[in-house]
Amino acid sequence: MKPHLHASPKTCSWGFFDAKLAPVIEIQSGEEIVIETVSGGPDQLPPLNDGFDIPPELFDIHKRSERQLPGHILTGPVAVAGAKPGHVLEVQILDVKLRQNWGWNLIRPLAGTLPDEFPSARTEIIPLDLNAMTARLSWGLNLPLRPFFGVMGVAPPGNWGRISTIQPRAHGGNLDNKELVAGSKLYLPVFTEGALFSCGDGHAAQGDGEVCVTAIETALQGTFRLVLREDMRFTYPRAETPTHLITMGMHEDLDRCVEMALRDMIAWIVQQTGLSREDAYMLCSLAGDLRITQTVNGNKGVHMMMETALVTSRVDQS
């Protein structure tokens, strides 16, 4: 039976990543693990008698957990035996399930993509139909759900100390990449012994940009296979869907984000195919898609997508 990591004050950290945080469980490379997550603080709870399922551990976490706010409640960290700095952790996202029949969305003054245009705070509780996989928005729209984890990351380098979960960085973290649904893979460079993988920030649905600060935030259960990759060497997150390669850039400046994601895709194409950098650059212009991941986390995000079928064969340049 695969290990099952439940959310609790003992298994959750609130608002931070820290290389000094002790792992709550250790697994072997290639082993599957089920991880439960929760979402939101006391101000994001629905009325208790309105028929919404609230994970009981959420109240205990609110009461007992150390917190660094603003930030996300993460479950973990999970140590992978043998992981060392310089390795890559392959996170295979095998399954993602909703754990509750509601989510929440927040507009916060001085935040979001239009920070000065919405001066009043608003929290909306959004009913979720777990059978139809739709959200019922307040004006009557049924919005299709596509759940994924907004935050997936390993421990940052030890010399960074304790860092917020808000800004995505080289260790992953608050990527908010809606492509990372079940069936995809996330590749994270390892910076500390054991890798120390954590996840949270469950999203039932989100658009590219996540412009008002939040998605439909909710509790999720994920099934992951964590694989130690000693054959890979890179220092920034990458991902794969069944059809595409994905590179990422995170920075305060969107132009820098674009450059980072593009430069890494060129490098990946060259590695995959043997093409010259010039040919890979041209292919990115002809067939690559640059997308804005999110614009609300301090470090904004851009990801580039390239169809895997276009870069699967190596080129003989002799």
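Everything discussed here concerns the structure shown above.
Report follows, based on the coordinates. (Residues numbered from 1 in each chain as written. Predicted model: local features only at pLDDT ≥ 70, side-chain atom pairs only at ≥ 80, totals over all residues. Heavy atoms only, no water.)

**So, the overall build of the chain**
In step 1: For the chain, the count of helices and strands is three helices and 21 strands.
In step 2: Here the C-alpha radius of gyration of the chain, 19 Å, is about what a compact globule of 318 residues would show, namely 20 Å.
In step 3: Projected onto its principal axes, the C-alpha coordinates of the chain cover approximately 70 × 45 × 40 Å.
In step 4: By the burial criterion, 56% of the 318 residues in the chain qualify as buried.
In step 5: Taking all contacts inside the chain whose residues are at least 6 apart in sequence as the whole, residues at least 24 apart take part in 75%.
In step 6: Summing over all exposed atoms, the chain offers an accessible surface of approximately 14200 Å²; the carbon and sulfur share of this is 51%.
In step 7: Charged side chains in the chain number 27 positive and 37 negative. The centres of these two groups are separated by 4 Å. (Helix = DSSP H or I, 4+ residues; strand = E, 2+ residues; numbered from the N terminus. Rg over C-alpha atoms; globule rule 2.2 N^0.38 Å. Buried < 20%, exposed > 50% of the residue type's maximum accessible area, 1.4 Å probe, protein only. Contact = heavy atoms within 4.5 Å. Areas by Shrake-Rupley, 256 points an atom, 1.4 Å probe, with all protein chains shown as cover. Lys, Arg positive; Asp, Glu negative; His and termini not counted. Charge placed at Lys NZ, Arg CZ, Asp CG, Glu CD.)

**Topic: helix H3 (residues 277-287)**
In step 1: Burial in H3 covers these residues: Ala280, Leu283 and Cys284. The arc that holds every buried residue of H3, seen down its axis, measures 100°, which confines them to one face. Among the exposed residues of H3, those oriented more than 90 degrees off its buried face are Glu278, Tyr281, Ser285 and Leu286. (Arc of directions from axis to C-beta.)

**Thoughts on the pattern of salt bridges**
In step 1: For the structure on display, the rule yields 15 salt bridges.
In step 2: Residues Arg229 and Glu90 are paired through a salt bridge, measuring 2.4 Å at the closest nitrogen-oxygen approach. In this pair, Arg229 is assigned in strand S17 (residues 220-229) and Glu90 in strand S7 (residues 88-98), connecting sequence segments 139 residues apart. Accessibility assignment for this pair places Arg229 and Glu90 in one class, buried.
In step 3: Two residues, Asp95 and Lys97, come together in a salt bridge whose shortest N-O distance is 3.9 Å.
In step 4: Its relative accessible area of 26% is what places Asp95 among the partly exposed residues.
In step 5: Taking relative accessible area as the criterion, Lys97 reaches 46% and is therefore assigned partly exposed.
In step 6: Each of Glu90, Lys185, Arg229 and Asp231 takes part in salt bridges that share partners, so that together they form one network. (Salt bridge = Lys/Arg side-chain N within 4 Å of Asp/Glu carboxyl O.)

**Things to note about the sheet that holds S17**
In step 1: Pairing is mixed in the open sheet, where nine strands are placed in the order S1-S5-S17-S7-S15-S18-S19-S21-S20. Each of the sheet's edge strands pairs with one partner strand only, and the pair in question is strand S1 (4-5) and strand S20 (289-294).
In step 2: Packing of helix H2 (residues 254-273) onto the sheet brings it into contact with strand S18 (238-240), strand S19 (244-251), S20 and strand S21 (300-307), and relative to S19 it is tilted by some 145°. (Pairing = 2+ DSSP bridges. Axes fitted to C-alpha atoms, helices over the stretch in contact; angles between N-to-C directions.)

**Some details on the packing of aromatic side chains**
In step 1: In the structure shown here, the tally under the stated rule is four aromatic pairs.
In step 2: Here the aromatic rings of Phe197 and Phe224 are separated by 5.5 Å at their centres, their planes lie at 65°, and the arrangement is edge-to-face. Of the two residues, Phe197 is situated in strand S16 (residues 197-203) and Phe224 in strand S17; the sequence distance between them amounts to 27 residues.
In step 3: By relative accessible area, which is 0% here, Phe197 ends up buried.
In step 4: Three or more aromatic residues link up through ring pairs in this structure, and these residues are Phe149, Phe197 and Phe224.
In step 5: Positioned above the aromatic ring of Phe16 is the side chain of Arg162, whose terminal nitrogen or guanidinium carbon lies 3.7 Å from the ring centre.
In step 6: The ring of Phe234 has Arg238 lying over it, and the distance from NZ or CZ to the ring centre is 4.6 Å. (Phe/Tyr/Trp six-rings, centres within 6.5 Å; stacked < 30°, edge-to-face > 60°. Lys NZ or Arg CZ within 6 Å of the ring centre and 35° of its normal.)

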